[in-house]
Every structure is written in structure tokens, then in C-alpha cells.
Amino acid sequence: MEENIKAPITRHTAREYVFALLFARAFSPDEPADEFYALELENAEIEFGDQIDYVHDVFFGITDNLAEIDEKISAAAEGWALSRIAKVTLAIMRVCVFEMMNVSDVPKRVALNEAVELAKKYDDDNAPAFINGVLNTISHTLPDRPCDIDS
């Protein structure tokens, strides 16, 4: 009998999963974040391995600091109200902004590149350039961390 062995996910896949969680959560904003998260993980067909802490910390870091993250996005997206930005675009940018501010082992340039790659995969053709512009503006307002200097 063949066993179904799942390989642990990479940071890239963990980031993509957090993006998907945030996007799904945008359609049920009144559900408590902890209940939403628990249900989604219970139904996930992924072996998170050592990335489970990243998934947890980034998801809850974003939900707990949403106002601050959205304020940075709003300030950098001149002429765009958050309500006019597509939910998929906003979810991608929220992950990146949180990473650039709080994930000490992800250089800002890596977070920005990963956001653009997510946009190429999940968003429309104009989104990567828009996302890159907004996130680049935000990255210049944030202090460099050791991982930014070493990379």
C-alpha cells in the first residue's frame, strides 16, 4: 500500500497560503479571526512543518495591525481609496507590508518581489506594476533591518 506523504511547505508557499487566508477573510470580516484561522487550518490539505509559526504569526500580525498596515498602503497609493483597491491586490500588499515591518528574516526587497510574483499569478495584468509602485514607496519609509543590510 502506498502512503500519501506530504512534503513540508516552503516559505514561498506559506506566504501564498497567508495571502489566500487574508483574501478569504475579506469575504467574512465579522467572523472572529481565531475561529476563521482554526477552521481554515483544520480543512487545509497542507503539511506546514516548520512554516506553521510563520503562517500563524503573519496572519494574526496582519489582522491585529490592520489599521496601521492599511494606513501605510493608503498613504502610498495616492489617489486610491482602499475601497477601490481589489481585494486580491489588498491582500497581497498587506502580507508584504507586514513582512517588511515585522518579519526579521525577510529582506524588504524579497517581500516586495514575492508580492509582485503573487500579483502575476493571482491578479490582473496591471496589478504587478501598481503593487510594485505602492510597496516600493512604503519600503522607503521603513527603517532598514539587519536582514535588509546583509542581503
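Scroll up to find the structure.
As the structure is a computational prediction, the values presented were derived from the model and not from experiment.

About the cut-offs
- Residues numbered from 1 in each chain as written.
- Predicted model: local features only at pLDDT ≥ 70, side-chain atom pairs only at ≥ 80, totals over all residues.
- Heavy atoms only, no water.
- Axes fitted to C-alpha atoms, helices over the stretch in contact; angles between N-to-C directions.
- Helix = DSSP H or I, 4+ residues; strand = E, 2+ residues; numbered from the N terminus.
- Left-handed = near helix turned anticlockwise from the far one by under 90°.
- Contact = heavy atoms within 4.5 Å.
- Nonpolar A, V, L, I, M, F, W, Y, C, P; charged D, E, K, R; others polar.
- Expected span 1.5 Å × (residues − 1).
- Buried < 20%, exposed > 50% of the residue type's maximum accessible area, 1.4 Å probe, protein only.
- Phe/Tyr/Trp six-rings, centres within 6.5 Å; stacked < 30°, edge-to-face > 60°.
- Lys NZ or Arg CZ within 6 Å of the ring centre and 35° of its normal.
- Salt bridge = Lys/Arg side-chain N within 4 Å of Asp/Glu carboxyl O.

*Asks:* Break down the packing of helix H1 (residues 11–25) against helix H3 (residues 52–64) for me, with residues and values.
*Replies:* Between H1 and H3, the shortest axis-to-axis distance is 9 Å and the interhelical angle comes to 35°. When the axes of H1 and H3 are compared, the crossing they make is right-handed. When H1 is examined against H3, the residues Arg11, Ala14, Arg15, Tyr17, Val18, Leu21, Leu22 and Arg25 are found in contact with a partner set consisting of Tyr54, Val55, Val58, Phe59, Ile62 and Thr63. The class makeup of the residues in the contact of H1 with H3 is ten nonpolar, one polar and three charged.

*Asks:* Give me helix H5 (residues 87–102): which residues, what numbers.
*Replies:* Its 16 residues give H5 an end-to-end C-alpha distance of 22 Å, which sits within 8% of 22 Å, the value for a rise of 1.5 Å per residue. Burial analysis of H5 places 13 of its 16 residues in the buried class, the great majority of the element.

*Asks:* So what's going on with the packing of aromatic side chains? Which residues, and what values?
*Replies:* Throughout the structure, instances matching the rule amount to nine aromatic pairs. Between Tyr17 and Phe48 the ring centres are 5.0 Å apart and the planes differ by 65°, which places this aromatic pair in the edge-to-face class. With a gap of 31 residues between them, Tyr17 in helix H1 and Phe48 in the loop between helix H2 (33–43) and H3 connect regions that are remote in the sequence. No difference in accessibility class separates Tyr17 from Phe48, as the two residues are buried. When the ring of Phe36 is compared with that of Phe59, the centres are 6.1 Å apart and the planes differ by 20°; the resulting orientation is stacked. Remark: Phe59 occurs in helix H3 and Phe36 occurs in helix H2; sequence separation between them is 23 residues. Three or more aromatic residues link up through ring pairs in this structure, and these residues are Phe19, Phe23, Phe27 and Tyr122. Directly above the aromatic system of Phe36 lies the positively charged group of Arg25, at a separation of 5.8 Å from the ring centroid. It is Lys87 that lies over the ring of Phe27; its NZ or CZ is 5.6 Å from the centre.

*Asks:* Can you lay out the environment of Ala119 for me, pointing to particular residues and giving the numbers?
*Replies:* Relative to the helices and strands, Ala119 resides in helix H6 (residues 108–122). Given a relative accessible area of 0%, Ala119 falls into the buried group. Taking C-alpha positions, Ala119 is 20 Å from Val103, a pair spaced 16 residues apart along the chain. Discounting chain neighbours no more than four positions away, the residues touching Ala119 are Ile92, Asp124, Ala127, Pro128 and Ile131.

*Asks:* Mind laying out the pattern of salt bridges, listing which residues take part and the relevant values?
*Replies:* The full count for this structure, using the stated rule, is eight salt bridges. Note that Lys121 is salt-bridged to Glu16, the shortest N-O span being 2.8 Å. Taken as a pair, Lys121 in helix H6 and Glu16 in helix H1 lie far apart in primary sequence, 105 residues in all. Here Lys121 falls in the exposed class, since its relative accessible area comes to 55%. Look at Glu16 and you get buried, because its relative accessible area is 12%. Between Asp148 and Arg145 there is a salt bridge whose closest N-O contact spans 3.2 Å. Judged on exposure class, the residue Asp148 and its partner Arg145 are both buried. Overlapping salt bridges, with partners in common, bring together Arg15, Glu99 and Glu114 in one network.

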